[in-house]
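Listed below, chain by chain, are the residues.
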Amino acid sequence: MTAVDARLRPAAGRAFPAGFRWGTATAAYQIEGAAAEDGRTPSIWDTFSRTPGKVRNGDTGDIAADHYHRMAEDVALMRDLGVTDYRFSVSWSRVQPTGSGPASQKGLDFYRRLTDELRGAGIRPVATLYHWDLPQELETPSADGPGGWPHRDTAERFAEYAALTAGALGDRVATWTTLNEPWCAAFLGYASGVHAPGRTDPAASLRAAHHFNLAHGLAVRALRAALPASAEVSLTLNLHAVRPLTGSDADRDAARRVDALGNRVFLDPVFHGRLPEDLVADTAALTDWSFVRDGDLEAASAPVDSLGINYYSPTVVAAGTHEGPSPWPGAEGHVRFEPAPGPRTAMDWPVDADGLYELLTRLRDELPHVPLVITENGAAYDDYADPSGAVHDPERVAYLHQHLAAVHRALADGVDVRGYFLWSLLDNFEWAYGYGKRFGIVHVDFASQRRTPKDSARWYADVIARGGLPG
C-alpha cells in the first residue's frame, strides 16, 4: 500500500484523502472591477481590452463581477459551499501602481480585508501573484529598450513585487503561487497576439518564456526570505496532454515539438535546471537563446513545495502547418492541430477527463517527489436563469464528475494530489471572449450583479460535504 493509498478513507463511494483541499478559484482582472479606484493603474489587459477589435463585443474588466465592492458577499457564497480553500490572484497594479516603487496601502488593504474575511469564514487563502495583468508601464517601451516579459528587467521587478506583497500579507496567507499559466502569457501574449499585450513576435515570446522562469525563481527566493518557514510556495502551469493523431513518426515528432513548447519549456528549467535541447534546436532559426545568462537556470530551479496543474482538455496534433499567427514558435511549419472526439463545451473544447489522468500519472513518474494540486478545472456552458431564477447546468455537473473521477483514479494509482480548485467561483470576464463565456458555478447577472448559485454549486457542495464522489 502506498502512502497515498493509506490516506484514502474506506467510506462508501469514491472517497478522497483526509485533509484533501476542496477549493475554487478566480483571477483579479476577471472579477474585481474597480479598475481605476484607490490608486490602481492600468494593466496590459486594461489597455488590450480597450483596443478596438481585441475583445469580443468591446468588453472590458472595468466592472467585471464587481468583486472589489461585493467581496464579503462572495466569501459568504464560498462559506455556504463549504470550500476549504480559495485561490485568488493579486492585481500587481493595484498593489504596486506602475510596477515599481512603494506599495499602495489602499490596494493592500483590499487584500487584507479579503484574507481576513476568508479566515473568518474558515477558508484558507491561496494567493497567486501573477495572473496575466502586468502593469502597463512595465510593458511600454522605454529608453532601456522594449518592455514587458521579453525584457529581463521585468523578472527583477516581479521579485520585488513578490517580496513587497508577501511582507504585507504573509501573516494572513500561508500558500503562495508565483505565476499562473506562463505559457498563455508568453505565447498567446507575445507570439499569436490573441491575449494582452497583443504582440506577434515569436522570438520575443521565447525570451518572455525564459524570463517567466527566471521571475518565478527569483520570486521563490524573495518569498522564502519574507515568509515564515511553514509557508508553501508553488507554481501553476497549464500543461498540455499532447497526443499524436496517429503512430506515424511524423505525427509523433509533431507531438514532441508541442510537448517541448507547451510543457518542457517550463518543467525542465524549473525542476531540472536545464533547457530542453530539442526546443533549442527547433527554435534555432528564431533565436540562439543567448538571453539565458549564467546562473539563470539555477535561479529558475529554486525548490517549490507543490506544482499546480490547470487542465481543461487534451491536445491532438499531426504533422502539418498551422495557419495564421501561431503561439507555437518554431513549430508552425511542422504541426497541425486536430479536433479531439467527443462532446464539447461552449468554448468548443473537447471533454476528455482521461487527459487529466494522463498528465497526473506522467508527473508522478517524472517528478515523484513533487506534490500536485489541480489549481484550475472546469467548463463553460451557455447557462441562463430560467423564469423561476434557477440556473440548471447538467453538462457542467457531468464534466466536473468525470474529472474528479479521473483525479480519484490517479490518487488510487499513487499520484500525490493534495487538492482540487474548481474554475470558477463566478461567471466573469473571460479574457478575449469578454462576457460571452460562463465558467462559474455561481451565475452573475452582469447588469444587476445578482449572484445565483447554479445546480453545479450545490453538487460541488455535496461532494465537499461527503469528502468525495457519490456511488
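Nothing here was measured: the structure is a model prediction, and the numbers come from that model.

Within the secondary structure, Arg-274 is located in the loop between helix 11 (249-272) and helix 12 (277-282). Along the sequence, Arg-274 and Pro-453 sit 179 residues apart, while their C-alpha atoms lie 46 Å from each other. When neighbours within four sequence positions are excluded, Arg-274 is seen to be in contact with Asp-268, Pro-269 and Leu-297.

For the rest of this paragraph, the subject is the sheet that holds strand 7 (residues 242-244). Hydrogen bonds between backbone atoms are what pair the strands of a sheet, whose relative direction is either parallel or antiparallel. Across the sheet, which stays open at both edges, the three strands sit in the order 7-9-10 with mixed pairing between neighbours. Strands with a single pairing partner mark the edges of an open sheet, and in this sheet they are strand 7 and strand 10 (335-338). Between one strand axis and the next, the sheet turns by 40 degrees as a mean value, whatever way the strands run. One ladder, built from three bridges, connects strand 7 with strand 9 (residues 315-319); its direction is parallel. Within strand 9, the position partnered with Val-242 by the bridge is Thr-315.

Turning to the UniProt feature "binding site: substrate" (unreviewed entry) in the protein chain, a few remarks are in order. The UniProt entry lists Gln-30, His-131, Asn-180, Tyr-312, Trp-423, Glu-430 and Trp-431 under the feature "binding site: substrate" (unreviewed entry), expressed in the numbering used here. One can find His-131 in the loop between strand 4 (124-130) and helix 7 (136-139). The class of His-131 is buried, set by a relative accessible area of 4%. If sequence neighbours within four positions are ignored, His-131 has contacts with Ala-27, Gln-30, Ser-89, Asn-180, Glu-376, Trp-423 and Trp-431. For Tyr-312, the position within the fold is in the loop between strand 8 (306-310) and strand 9.

What follows concerns the packing of aromatic side chains. Summed over all chains, the structure comprises 34 aromatic pairs. Judged by centre distance (4.7 Å) and plane angle (55 degrees), the rings of Trp-45 and Trp-431 are tilted. A residue pair is termed long-range when its members are at least 10 positions apart, and Trp-45 in helix 3 (residues 44-49) and Trp-431 in the loop between strand 12 (417-423) and strand 13 (442-445) qualify at 386 residues. Judged by centre distance (6.1 Å) and plane angle (50 degrees), the rings of Trp-349 and Phe-439 are tilted. In this pair, Trp-349 sits in the loop between strand 10 and helix 14 (354-366) while Phe-439 sits in the loop between strand 12 and strand 13, placing the two residues 90 residues apart along the sequence. Among the residues examined, Trp-349 registers a relative accessible area of 28% and is labelled partly exposed. Relative accessible area serves as the criterion here: at 2%, Phe-439 is assigned to the buried category. Connected via pairs of aromatic rings, a cluster forms that spans Tyr-29, Trp-45, Phe-48, Trp-132, Phe-429, Trp-431, Tyr-435 and Phe-446. Taking the ring centre of Tyr-357 as reference, the NZ or CZ of Arg-409 above it sits at 3.7 Å.

Strands sit in the order 2-3-4-5-6-8-11-12 around a closed barrel of eight strands; the barrel is parallel. Averaged over neighbouring strand pairs, the angle between their axes works out to 25 degrees when direction is ignored. Bridge count between strand 6 (residues 232-237) and strand 8: four bridges; the pairing is parallel. Opposite Thr-236, over in strand 8, you have Gly-308 as the bridge partner. The strands touched by helix 15 (residues 394-412) within the sheet are strand 2 (21-25), strand 11 (372-376) and strand 12, with strand 12 carrying the most contacts at an inclination of about 170 degrees.

Pairs can form between side chains of opposite charge once their charged atoms are near each other. Scanning the model with the defined rule gives 45 salt bridges in all. The partner of Arg-87 in a salt bridge is Glu-376, with the nearest N and O atoms 3.4 Å apart. Note that Arg-87 is positioned in strand 3 (residues 85-89) and Glu-376 in strand 11, a separation of 289 residues in sequence. For the pair Arg-87 and Glu-376, one class covers both residues: buried. For the salt bridge of Asp-259 with Arg-264, the shortest nitrogen-to-oxygen distance reads 2.7 Å. For Arg-264, a relative accessible area of 16% puts it in the buried group. A cluster of three or more residues bridged by salt bridges with shared partners is formed by Asp-253, Arg-256, Arg-257, Asp-259, Arg-264, Asp-278, Asp-282, Arg-362 and Glu-366.

Bringing the pairing of strand 11 into the picture now. The element strand 11 is largely enclosed, with a buried count of five among its five residues. Where strand 8 meets strand 11, four bridges bridge the pair, whose relative direction is parallel. Residue pairing for strand 11: Asn-310 is matched across the bridge by Glu-376. Looking at chain direction, strand 11 and strand 12 are connected through three bridges and run parallel.

Here we take up the environment of Glu-139. Position of Glu-139 among the secondary structure elements: in helix 7. Spatially, the C-alpha atoms of Glu-139 and Pro-150 are 9.2 Å apart, while their sequence positions differ by eleven residues. Residues within four places of Glu-139 in sequence aside, it is in contact with Ile-44, Leu-134, Gly-147, Gly-148, Trp-149, Tyr-190, Pro-197 and Arg-199. Looking at Glu-139, its side chain comes within polar contact range of the side chain of Arg-199, at 2.9 Å.

Rules used throughout
Residues numbered from 1 in each chain as written. Predicted model: local features only at pLDDT ≥ 70, side-chain atom pairs only at ≥ 80, totals over all residues. Heavy atoms only, no water. Helix = DSSP H or I, 4+ residues; strand = E, 2+ residues; numbered from the N terminus. Contact = heavy atoms within 4.5 Å. Pairing = 2+ DSSP bridges. Axes fitted to C-alpha atoms, helices over the stretch in contact; angles between N-to-C directions. UniProt positions renumbered as here; feature names shortened; annotations may be inferred. Buried < 20%, exposed > 50% of the residue type's maximum accessible area, 1.4 Å probe, protein only. Phe/Tyr/Trp six-rings, centres within 6.5 Å; stacked < 30°, edge-to-face > 60°. Lys NZ or Arg CZ within 6 Å of the ring centre and 35° of its normal. Salt bridge = Lys/Arg side-chain N within 4 Å of Asp/Glu carboxyl O. Polar contact = N/O pair within 3.5 Å; in protein donor to acceptor, adjacent residues only side chain to side chain.

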